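Listed here are the chains, written in short residue letters.
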Amino acid sequence: MPQHRHSRRTILQAAGALAGGGLLQLSTTPAAATPETMQDAIRAVIGEAAVQNGKVKLDLPQIVENGNAVPCTVAVDSPMTATDYVKAIHIFNEKNPQPYVISVQLGPRAGRAAFSTRIRLADSQTITAIAELSDGTCWSGATDVIVTLAACIEESIH
Amino acid sequence: MARALIHVPATAKRGEVIEIKTLIAHVMETGYRVGVTGKPIPRDIIDDFVCTYNGEEVFRAKLYPAIAANPYISFFTLAAESGTIVFSWTDQHGATQVQTAPITVE
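Being a predicted model, the structure only gives us computed values, none of them experimental.

What counts as what
- Residue indices follow the written sequence of each chain, beginning from 1 at its first position.
- Here every chain gets a letter starting at A, and every ligand a number starting at 1, in the order they are written.
- Predicted model: local features are reported for residues with pLDDT of at least 70 only, side-chain atom pairs are reported and counted for 80 or more only, and whole-chain, interface and lining totals are derived from all residues.
- Each helix is a run of H or I in the DSSP string that is no shorter than four residues. Each strand is a run of E no shorter than two, and both are numbered from the N terminus.
- With C-beta atoms placed from the backbone, a residue is buried if 20 or more other C-beta atoms are within 10 Å of its own, exposed if 12 or fewer are, and partly exposed between those counts.
- Throughout, a pair of residues is in contact if the C-beta atoms placed from their backbones lie within 7 Å.
- Predictor confidence is given residue by residue as pLDDT, running from a minimum of 0 to a maximum of 100.
- Only Asp, Glu, Lys and Arg are considered charged in this grouping, and only Ala, Val, Leu, Ile, Met, Phe, Trp, Tyr, Cys and Pro are considered nonpolar; every other residue, Gly among them, is considered polar.
- Paired strands are those between which DSSP finds at least two bridges.
- By this rule, a helix spans an expected 1.5 Å times one less than how many residues it contains.
- Buried Ala, Val, Leu, Ile, Met, Phe, Trp, Tyr and Cys residues form a nonpolar core when they are connected through C-beta atoms within 7 Å.
- For every element, the axis is a line fit to its C-alpha atoms; helices are fit only across the contacting stretch, and the angle between N-to-C directions ranges from 0 to 180 degrees.

Re the overall build of chain A
Part 1 of the reasoning: Helix and strand counts for chain A come out as two helices and nine strands.
Part 2 of the reasoning: Helices and strands in chain A line up, N terminus first, as α-α-β-β-β-β-β-β-β-β-β.
Part 3 of the reasoning: When each of the 158 residues of chain A is scored for burial, the buried share is 36%.
Part 4 of the reasoning: In chain A, 71% of the contacts between residues at least 6 apart in sequence involve partners at least 24 apart.

Notes on the overall build of chain B
Part 1 of the reasoning: Looking only at helices and strands, chain B has zero helices and eight strands in total.
Part 2 of the reasoning: The order of α-helices and β-strands along chain B, N terminus first, is β-β-β-β-β-β-β-β.
Part 3 of the reasoning: In terms of overall dimensions, chain B has a C-alpha envelope of 60 × 20 × 20 Å along the principal axes.
Part 4 of the reasoning: Pairs at least 24 residues apart make up 55% of the contacts formed inside chain B by residues separated by at least 6 positions.

Side note on the confidence of the model for chain B
Detailed reading of the predicted coordinates is not advisable wherever pLDDT is low.
Part 1 of the reasoning: On average, chain B scores 94 in pLDDT, and the residues at 70 or more come to 99%.
Part 2 of the reasoning: Taken together, the chains of this predicted complex give a pTM of 0.82 and an interface ipTM of 0.91.

Describing the interface of chain B and chain A
Part 1 of the reasoning: With 27 residues of chain B in contact, the opposing surface of chain A contributes 28 residues.
Part 2 of the reasoning: For the side of chain B that touches chain A, the secondary-structure elements that each account for two or more residues are strand S5 (56–63) and strand S6 (72–78) of chain B.
Part 3 of the reasoning: For the side of chain B that touches chain A, the class distribution of residues is 19 nonpolar, four polar and four charged.
Part 4 of the reasoning: Bridge analysis of strand S7 (residues 114–119) of chain A against S6 of chain B gives three bridges, and the strand direction is antiparallel.

As for helix H2 (residues 35–46) of chain A
Part 1 of the reasoning: A rise of 1.5 Å per residue sets the reference length of H2 of chain A, with its 12 residues, at 16 Å; its end C-alpha atoms lie 16 Å apart and thus fit the reference within 8%.
Part 2 of the reasoning: Gly47 of chain A sits one or two positions beyond H2 of chain A and adopts a positive phi of about 80 degrees.

Quick notes on the nonpolar core
Part 1 of the reasoning: In terms of nonpolar packing, the biggest core is built from 65 residues, with Val74, Val76, Val101 and Ala131 of chain A together with Ile67 of chain B touching the most fellow members.
Part 2 of the reasoning: Setting aside residues no more than four positions away along its own chain, Val76 of chain A makes contact with Lys55, Val56, Val86, Ile89, Ala113, Ala114 and Ala131 of chain A.

Brief notes about the pairing of strand S8 (residues 96–105) of chain B
Residues and elements named next belong to chain B.
Part 1 of the reasoning: Little of S8 sits out of view: just one of its 10 residues are buried.
Part 2 of the reasoning: Pairing of strand S2 (residues 11–12) with S8, which is carried by two bridges, proceeds in the parallel orientation. Bridge pairing in S8 places Thr11 opposite Thr104.
Part 3 of the reasoning: Two strands pair when backbone bridges link them, and strand S7 (residues 83–91) and S8 are joined in this way by eight bridges, in the antiparallel orientation.

Details of the confidence of the model for chain A
Part 1 of the reasoning: A residue-level look at chain A finds 76% of positions with pLDDT of 70 or above and a mean pLDDT of 82.
Part 2 of the reasoning: This model gives residues 18–29 of chain A a pLDDT under 50, and the stretch forms one contact once residues within four places in sequence are excluded.

Notes on the sheet that holds strand S2 (residues 56–59) of chain A
Sheet strands pair via backbone hydrogen bonds, and the direction of the pair is either parallel or antiparallel.
Part 1 of the reasoning: The strand order across the open sheet formed by six strands is S2(A)-S4(A)-S7(A)-S6(B)-S3(B)-S1(B), and the pairing between neighbours is antiparallel. Two strands bound the open sheet, and with one partner strand each, they are S2 of chain A together with strand S1 (4–7) of chain B. Neighbour-to-neighbour, the strand axes of the sheet open up by a mean angle of 15 degrees, direction not taken into account.
Part 2 of the reasoning: Across six bridges, strand S4 (residues 70–76) of chain A lies against S7 of chain A in antiparallel orientation. In the sheet register, Thr73 of chain A faces S7 of chain A, and the bridge partner there is Ser116 of chain A.

Considerations on unusual backbone geometry
Part 1 of the reasoning: Located in the positive-phi region is Met80 of chain A, a residue other than glycine, with phi close to 55 degrees.
Part 2 of the reasoning: Tracing the backbone shows Met80 of chain A in the loop between S4 and strand S5 (86–92).
Part 3 of the reasoning: Residue classification places Met80 of chain A among the buried positions, given that 21 C-beta atoms sit within 10 Å.
Part 4 of the reasoning: Although it is not a glycine, Met28 of chain B adopts a positive phi angle of roughly 50 degrees.
Part 5 of the reasoning: Its place among the elements puts Met28 of chain B in the loop between strand S3 (17–24) and strand S4 (46–53).

Some points on the environment of Ile63 of chain A
All names here are of chain A.
Part 1 of the reasoning: On the secondary structure map, Ile63 appears in strand S3 (residues 63–66).
Part 2 of the reasoning: Since 9 C-beta atoms lie within 10 Å of it, Ile63 is described here as exposed.
Part 3 of the reasoning: Taking C-alpha positions, Ile63 is 4.8 Å from Ile146, a pair spaced 83 residues apart along the chain.

Some details on the environment of Asp40 of chain A
Residue and element names in this part refer to chain A.
Part 1 of the reasoning: Structurally, Asp40 is set in helix H2.
Part 2 of the reasoning: For Asp40, a count of 13 C-beta atoms within 10 Å corresponds to the partly exposed category.
Part 3 of the reasoning: Placed 59 residues apart in sequence, Asp40 and Pro99 show a C-alpha to C-alpha distance of 9.0 Å.

As structure tokens, this is what we get:
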């Protein structure tokens, strides 16, 4: 009986290895960020502070035809006074070659904790924005984007 | 380095929150693309943007290759006093481009 169990396990392990190998071969994107590397990147930037959901509004189109320039606006709910303000806003992605997008530092002189830019997206994914407040708390907002033409890795069209 | 476009209101009321829009011509080459010869195209990005208002830093951004070509950044600031708003972009090689815009606060 132990002999039989052993052989079945061996077969299952072999099947698993085959399936894993197949998946690896299907993945063509080199060194892409993953949700895990995004979490690591977030920790590297904000440290061990607890991140709460809310206050951050991340505005991106739901469906993007061209990932080479996607308009992106972040606004954080904050009075922006000398004692209560947003000191930094960071944007992270899950599936571009690297997880960072932009890190912004501001202060009470900003008047309004918001900015806009245009970003590249290599795939359909969730984009996360994290705001660091003057009281040390961190707040996050996320939004899903569907991308039809990827950026970053596509060959030059020039 | 490159052509930069800036939009700052010429006049503002004291204490008003004004929007500033900036755009600079730059390829923001990611370093992840391959050219027609099969060789990787080397990374070439602007990685730092700073805005100062009469010498005081009011906005700073660290840019990564995930920022689109010709980086566009718009943000807000409080119109405190008349003076000069200075914008500077620095690329990964350390080259800096500086542009200034005057503002009159009533």
